[in-house]
Amino acid sequence: MRAATAGLLLGALTVGSAPLRAQTDAYLDPTAASLHRVASETWHEIDESVVRYTARVRQRIAAKLRTPLKDRTLYRSEAAARVFWDRDHETLTQVLASNAEYPGRQYALAEEGFDALDDFTIDGAFDPGGERLVFGFGSDDDDREEAFQPSDDDFWFAHPLAPGADSLYRFESSDTLSLLLPDGRELQAVRLDVLPRVADVHRMSGSLWIEPETGALVRAAFRLSEQFDAIRDIPDLQEEDERGEFDMVPGLFKPWTFDLQVVAVDYSLWDFRVWLPRSARFEGVVAAGILKMPVSYDMAYTIESVVMDDDLADLAQEVPVLEEVHFETRAEAMAFMAQLAQERGVGGAPGDESPAWRYDGDSYLVPEDLTLLSRSPDLPPPIWDDATGFTTEQELESLVDALADLPAAPVEGIPWAANWGFQRPEFVRFNRVEGPSLGGRFQARLGSFMGPITFSSTGFFGFSDLEPKVRVAFDRESLRRRVAVGGYREVRALDERGRFLQLGNSLNAALFGRDDGEYFLATGVDLEVAPPSAQRQSWSLRLYAERQDPLEREMNFSLAHAFDSEWRFRANVPADRLEEAGGELRISPWWGTDPLAPQFGLSLYAQGAAARPITGDARFEYARVRATARTALPLAGGRWRIGAEAGAGHAWGDVPLQRHWVLGGPLNLRGFGASATAGRTFGRGRLELGRVYPAWSLTGFADAGWTDDRPEWTTDGVGRWVPDPEVWGFDDVRWSVGVGTSLLDGLVRFDISRGLTGPDPRTRFDLYLDALF
């Protein structure tokens with residue numbers, strides 16, 4: 001039976017094979033050849049020795065939305081069931097526990113009723129004759145070799161044990177896995193690494209642990225050797241795209257990709273006779289343009305009983321003659337089983353009476369009171385918590401490390417892509433130093449002795465400053481990290497956390513005349529090390545050498561002031577003109593994604609540099625450190641939440657103007673304009689109390705911010721830069737209060753704030769993304 005959720009993670013998986021001529025260079029050692037041969041022979045044989053089995057199956061699923069601050073849970077579910085699988089009859093599933101949460105709804109099965117069983121219960125039962133590489137999820141056809149052919153309708157990958165696999169892969173034996181059996185015997189499984197000859201979305205890269213005597217698959221860990229692109233890799237979708245059927249989809253939500261990070265399956269030896277499932281874990285990231293959604297699927301089996309062909313004769317002799325009960329319909333038989341389950345007290349919570357069971361008319365045995373499912377003792381914890389029987393985080397990390405150690409598949413040809421302008425949202429921007437600016441990017445995958453390298457060239461042209469900007473980079477990415485070397489001439493914002501060169505600030509500037517960024521021009525080279533692009537960017541290290549130049553205000557138009565000839569954008573910071581070499585380190589861990597549970601986050605930043613002015617020989621050095629802590633805590637059972645942020649930073653040495661800390665705006669000090677105050681030292685905090693409703697919240701808040709002194713610049717009433725007439729002290733803390741509302745745990749936030757102190761308090765309306773909650 002095909003599982004719906006596994007189909008999502010594996011892209012409606014079909015495993016492909018092709019009858020190709022055997023290759024003599026496929027095996028890198030003799031052990032690999034013998035392992036592959038015996039495993040392939042076993043794969044061809046459909047295991048029909050298991051007549052029936054009963055198992056308690058637990059399943060956990062989570063889907064999140066990835067943003068720079070934190071991952072937000074969009075959907076999670078936990079379920080448990082007792083599965084009665086029979087080789088010759090339809091599978092019966094007794095639902096023991098179920099809980100599902102998504103924005104605006106909790107305990108969805110109890111609220112939706114019996115019609116929602118397919119959505120919130122176990123996806124399917126393991127078929128001992130099914131495809132073990134994907135935990136029995138696969139084709140239902142009897143002839144697997146015919147069913148595993150390439151398909152125009154579904155995504156498929158070439159099976160490493162199918163005929164012709166040696167023409168698509170190379171194989172190498174590795175370490176040995178020792179399994180201690182209950183009777184003291186030790187069983188060994190040998191690791192067989194599967195190495196694709198070329199990087200191809202239809203070929204896997206991974207390891208199979210094979211029991212050498214029987215060829216049984218004991219464990220597997222693999223991923224796709226290339227990122228999946230739905231339109232590129234499914235011919236039917238490619239044809240629809242060529243006909244223009246997706247033209248109405250905004251470039252904001254393209255392309256549609258899937259990074260299968262790891263599939264890990266594990267089996268256990270039942271009664272020393274047959275390998276049956278123990279656990280499975282799938283991890284991947286689904287992306288639709290700017291939206292990235294990590295998806296996780298976890299399953300654990302506890303086998304309770306197994307009947308094999310050899311047992312049937314023994315059972316016929318040993319079991320006494322029982323009274324036969326005949327039923328005219330399947331519904332009558334299932335009603336009888338439901339009565340037996342109730343009489344034997346199956347599936348009740350501690351302290352509850354035995355639940356009444358009913359047959360839903362399809363394949364589920366469920367309690368009459370569905371609310372019992374959400375508090376059942378069989379309900380597993382959420383997927384981010386370790387639980388007995390499931391793949392642990394340590395095991396998963398070990399398997400991912402093993403995948404990362406495999407050699408990268410070589411690139412065939414030079415795959416390339418080019419996008420520009422309105423095809424992608426990141427290529428259109430508007431600000432007061434460039435005016436409207438259009439960009440584009442060319443990317444190509446290149447082969448090298450280090451593995452595939454991505455070459456990219458990104459350019460922008462501003463129609464007000466008439467200045468081209470460009471970045472040329474070479475990226476090398478693995479499962480552990482991404483390393484990029486680049487040369488650039490680009491606009492840089494003082495505080496890149498504000499994403500001032502992205503869509504949100506561009507719309508505010510173009511529509512309302514509010515550009516909260518401060519900019520300078522940087523020309524140089526850099527080296528950056530960071531997590532892989534599919535993972536959360538929780539840290540980065542960058543080394544650079546560059547020239548920095550000031551940028552002037554070149555644009556004085558916005559739609560809100562189209563008929564005001566006197567209106568002007570505020571001036572840009574008069575950055576110091578200098579040459580600088582240094583390094584930056586960013587660390588931003590986050591703990592917790594469930595809005596009903598505590599969440600904590602840190603943001604640490606450190607920079608050190610040596611610089612000299614363009615017009616002189618004087619050299620100087622400086623260093624900066626900033627730390628911010630955040631938390632969001634549920635109150636009153638999750639009906640209320642309290643949030644807090646505290647941050648501080650300091651700079652030492654001769655700090656250029658563009659390296660001072662600035663406060664003002666929704667990023668760090670609401671109720672005040674952008675760059676309302678700046679200095680070498682700052683402290684800030686905010687406190688929020690919110691009433692939580694399904695999918696949204698209403699919040700009251702207070703902000704405070706302070707800088708020790710301001711540099712020799714400030715703005716007057718018409719937005720010109722003039723010398724600052726005063727130095728501030730600790731008494732000059734700026735305070736503000738306000739109310740706000742948000743959607744999806746702060747994904748979209750709207751605030752109304754009012755400054756209470758300082759020389760320029762104001763009432764501000766801010767719509768922005770990625771708030772604390």
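Before reading on, note that the structure itself is shown above.
Colleague: What exactly am I supposed to notice about the environment of Glu-395 here?
Modeller: Mapped onto the elements of the fold, Glu-395 is located in helix α10 (residues 393–405). For Glu-395, a relative accessible area of 35% translates into the label partly exposed. C-alpha of Glu-395 to C-alpha of Ala-264: the two residues are 131 residues apart in sequence and 9.5 Å apart in space. When near neighbours in sequence (up to four residues on either side) are disregarded, Glu-395 contacts Arg-278 and Phe-390.

Colleague: What am I meant to see in the side chain of Ser-456 here?
Modeller: Here Ser-456 lies in strand β20 (residues 453–462). Given the relative accessible area of 12%, Ser-456 is considered buried. Contact partners of Ser-456, with chain neighbours within four places excluded, come to Phe-442, Gln-443, Arg-471, Val-472 and Ala-473.

Colleague: What is the right way to read a nonpolar patch on the surface from this model?
Modeller: Taken together, the side chains of Val-485, Leu-527, Trp-539, Leu-541, Leu-543, Leu-585, Ile-587, Trp-591, Phe-600, Leu-602, Leu-604 and Leu-633 define a hydrophobic patch exposed on the protein surface, amounting to about 970 Å² of accessible area. When contributions to the nonpolar patch are tallied by element, the ones reaching two or more residues are β24 (539–550), β25 (578–587) and β27 (599–613). The residue Leu-633 is located in strand β28 (residues 620–635) in this model.

Colleague: Teacher, can you tell me more about the pattern of salt bridges here?
Modeller: Side chains bearing opposite charge may pair, as long as their charged atoms lie close to each other. The tally for this structure, following the rule as stated, stands at 65 salt bridges. We note a salt bridge from Arg-441 to Glu-426, for which the minimum N-O separation is 3.7 Å. Here Arg-441 is found in strand β19 (residues 435–446), whereas its partner Glu-426 is found in the loop between β17 (416–420) and β18 (428–431), with 15 residues between them in sequence. A salt bridge links Glu-645 to Arg-630; its shortest N-O distance comes to 3.5 Å. Of this pair, Glu-645 sits in strand β29 (residues 640–653) while Arg-630 sits in strand β28, and the two are 15 residues apart along the sequence. Residue Arg-630 is classed as buried on the basis of its relative accessible area, which comes to 13%. Shared partners join several salt bridges into a network, and the residues in it are Arg-471, Glu-490, Arg-492, Glu-496, Asp-526, Arg-542, Glu-546, Glu-580, Glu-584, Arg-586 and Arg-659.

Parameters at a glance
Residues numbered from 1 in each chain as written. Predicted model: local features only at pLDDT ≥ 70, side-chain atom pairs only at ≥ 80, totals over all residues. Heavy atoms only, no water. Helix = DSSP H or I, 4+ residues; strand = E, 2+ residues; numbered from the N terminus. Buried < 20%, exposed > 50% of the residue type's maximum accessible area, 1.4 Å probe, protein only. Contact = heavy atoms within 4.5 Å. Patch = residues over 30% accessible without salt bridge, like charges linked within 9 Å, V, L, I, M, F, W, Y side chains within 5 Å. Areas by Shrake-Rupley, 256 points an atom, 1.4 Å probe, with all protein chains shown as cover. Salt bridge = Lys/Arg side-chain N within 4 Å of Asp/Glu carboxyl O.

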